[in-house]
Amino acid sequence: MKEREAYHHGALPEALVAAAFEVVDEQGQEKVSVREVARRAGVSAGAPFRHFADRQALLTAVADRVLADFARWQEAEVAAAEAVGGSAMRALGLGFVRYALRHPRRFELVRSRVFAASRDPQLREQLEGLDRAFTELIVADQAAGRVRAGDPELVLLSGQALVYGLAQMIVDGYLPAERAEELAVRVLDTFRQGIGGAADGVGKGFNPPGR
């Protein structure tokens, strides 16, 4: 009855994604199985296949939900920065690192599906929307004089490459998690001011911890 009711109300796909999301947060994407997700959702082992062709399709749906959560996170980061006259681009960079640090398993899931040879078609629309929104924020920063003039799409790509690498180094343990915030701030400020153009000691005297 519970399973039929879920189908009747169209709630099962959402329940399955929510269950898979829990497994990702708890154990990582490698531990997501259709059987375990069905068990957590309270349906038969075969029920998920009525909505998702296979495990990979289910993980793609989870990745889509992670991206939506990440977008809300970044909106909050930017709003907080703009409230005190700060740079949206800097807020985006810090937000990226903070999200990866707080949710390393979500970061790994998105990394495997977004930062790959080709973007999953099912994620393309949301990813393109994020790119447009972030590019507009960079343009606004440039107009306000908080970021140097230049091709905003190239600035976005450069920033993405920087924070992606920084976040990966932190998640992998190369850089200490307890200093992630400090390191992210210093790296982003150095990037924003330009190599060789650092002021007030930003970016000077940095040595990777333990190296």
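Source: prediction; values computed, not measured.

The rules behind the values
- Residues numbered from 1 in each chain as written.
- Predicted model: local features only at pLDDT ≥ 70, side-chain atom pairs only at ≥ 80, totals over all residues.
- Heavy atoms only, no water.
- Axes fitted to C-alpha atoms, helices over the stretch in contact; angles between N-to-C directions.
- Helix = DSSP H or I, 4+ residues; strand = E, 2+ residues; numbered from the N terminus.
- Parallel < 35°, antiparallel > 145°, perpendicular 65-115°, else oblique.
- Contact = heavy atoms within 4.5 Å.
- Nonpolar A, V, L, I, M, F, W, Y, C, P; charged D, E, K, R; others polar.
- Left-handed = near helix turned anticlockwise from the far one by under 90°.
- pLDDT = per-residue confidence, 0-100.
- Buried < 20%, exposed > 50% of the residue type's maximum accessible area, 1.4 Å probe, protein only.
- Lys, Arg positive; Asp, Glu negative; His and termini not counted.
- Salt bridge = Lys/Arg side-chain N within 4 Å of Asp/Glu carboxyl O.
- Polar contact = N/O pair within 3.5 Å; in protein donor to acceptor, adjacent residues only side chain to side chain.
- Expected span 1.5 Å × (residues − 1).
- Core = buried A, V, L, I, M, F, W, Y, C linked by side-chain atoms within 4.5 Å.

1. Here we look at the packing of helix α4 (residues 55-83) against helix α7 (residues 121-143)
Logical step 1: Relative to each other, α4 and α7 sit at 10°, their axes nearing to 10 Å. With respect to their mutual orientation, α4 and α7 come out roughly parallel. Residues Thr60, Ala63, Asp64, Leu67, Ala68, Phe70, Ala71, Gln74, Val78 and Glu82 of α4 pack against Gln122, Leu123, Gln126, Leu127, Leu130, Phe134 and Leu137 of α7.
Logical step 2: Looking at the contact of α4 with α7 residue by residue, the class counts come to 11 nonpolar, 4 polar and 2 charged.

2. Here we look at the environment of Gly129
Logical step 1: Within the element layout of this structure, Gly129 appears in helix α7.
Logical step 2: Along the chain, Gly129 and Ala71 lie 58 residues apart, while their C-alpha atoms are 9.8 Å from each other.

3. As for the packing of α4 against helix α6 (residues 104-114)
Logical step 1: At a closest axis distance of 10 Å, the pairing of α4 and α6 adopts a crossing angle of 115°. Looking at the two axes, α4 sits roughly perpendicular to α6. The way α4 lies across α6 gives a crossing that is left-handed. Two secondary-structure elements touch here, α4 through Gln56, Leu59, Thr60, Val62, Ala63, Val66, Leu67 and Asp69 and α6 through Arg106, Leu109, Val110 and Arg113.
Logical step 2: Considered class by class, the residues forming the contact of α4 with α6 number 7 nonpolar, 2 polar and 3 charged.

4. What to know about the confidence of the model for the protein
Logical step 1: Residues with a pLDDT of 70 or more make up 87% of the protein, whose mean pLDDT is 86.
Logical step 2: When the criterion is pLDDT under 50, residues 195-211 qualifies, and its contacts beyond four places in sequence or with other chains add up to 17 contacts.

5. Concerning the side chain of Asp120
Logical step 1: Checked against the element boundaries, Asp120 lands in the loop between α6 and α7.
Logical step 2: This buried residue, Asp120, is left without a salt bridge; Arg113 holds the nearest opposite charge, at 4.9 Å.
Logical step 3: A polar contact of 3.2 Å, which involves the side chain of Asp120, links it to the side chain of Thr60.
Logical step 4: Aside from chain neighbours lying at most four places away, what touches Asp120 is Thr60 and Arg113.

6. Some details on helix α2 (residues 12-27)
Logical step 1: Look at α2: 22 Å from first C-alpha to last across 16 residues, which is about the 22 Å you get at 1.5 Å a residue.
Logical step 2: Residues of α2 that are buried: Leu12, Leu16, Val17, Ala19, Ala20, Phe21, Val23 and Val24.

7. Concerning the pattern of salt bridges
Logical step 1: Considering all chains together, one arrives at 14 salt bridges under this definition.
Logical step 2: Here Arg106 ties to Asp25 by a salt bridge, and the two come within 2.8 Å at their closest N and O atoms. With a gap of 81 residues between them, Arg106 in helix α6 and Asp25 in helix α2 connect regions that are remote in the sequence.
Logical step 3: Here Arg106 falls in the buried class, since its relative accessible area comes to 8%.
Logical step 4: The shortest N-O distance in the salt bridge between Arg40 and Glu26 comes to 2.8 Å. Within this pair, whereas Arg40 is found in helix α3 (residues 34-41), its partner Glu26 is found in helix α2, the two being separated by 14 residues in sequence.
Logical step 5: The exposure class of Arg40 is partly exposed, given its relative accessible area of 28%.
Logical step 6: Under the relative-accessibility criterion, Glu26 is labelled partly exposed at 43%.
Logical step 7: Because the salt bridges share partners, they merge into one network encompassing Glu22, Glu26, Glu36, Arg39 and Arg40.

8. Comments concerning the nonpolar core
For soluble globular proteins, nonpolar side chains are generally found buried alongside one another.
Logical step 1: The biggest cluster of nonpolar side chains holds 58 residues, and the ones touching the most others in it are Val32 and Val62.
Logical step 2: Elements represented by at least two residues in this core include exactly α2, α3, α4, α5 (88-102), α6, α7, α8 (152-171) and α9 (180-193).
Logical step 3: For this core, the element with the highest residue contribution is α4, accounting for 13 residues.
Logical step 4: What Val62 contacts, discounting residues up to four positions off in sequence, is Val17, Ala20, Phe21, Val24 and Leu109.

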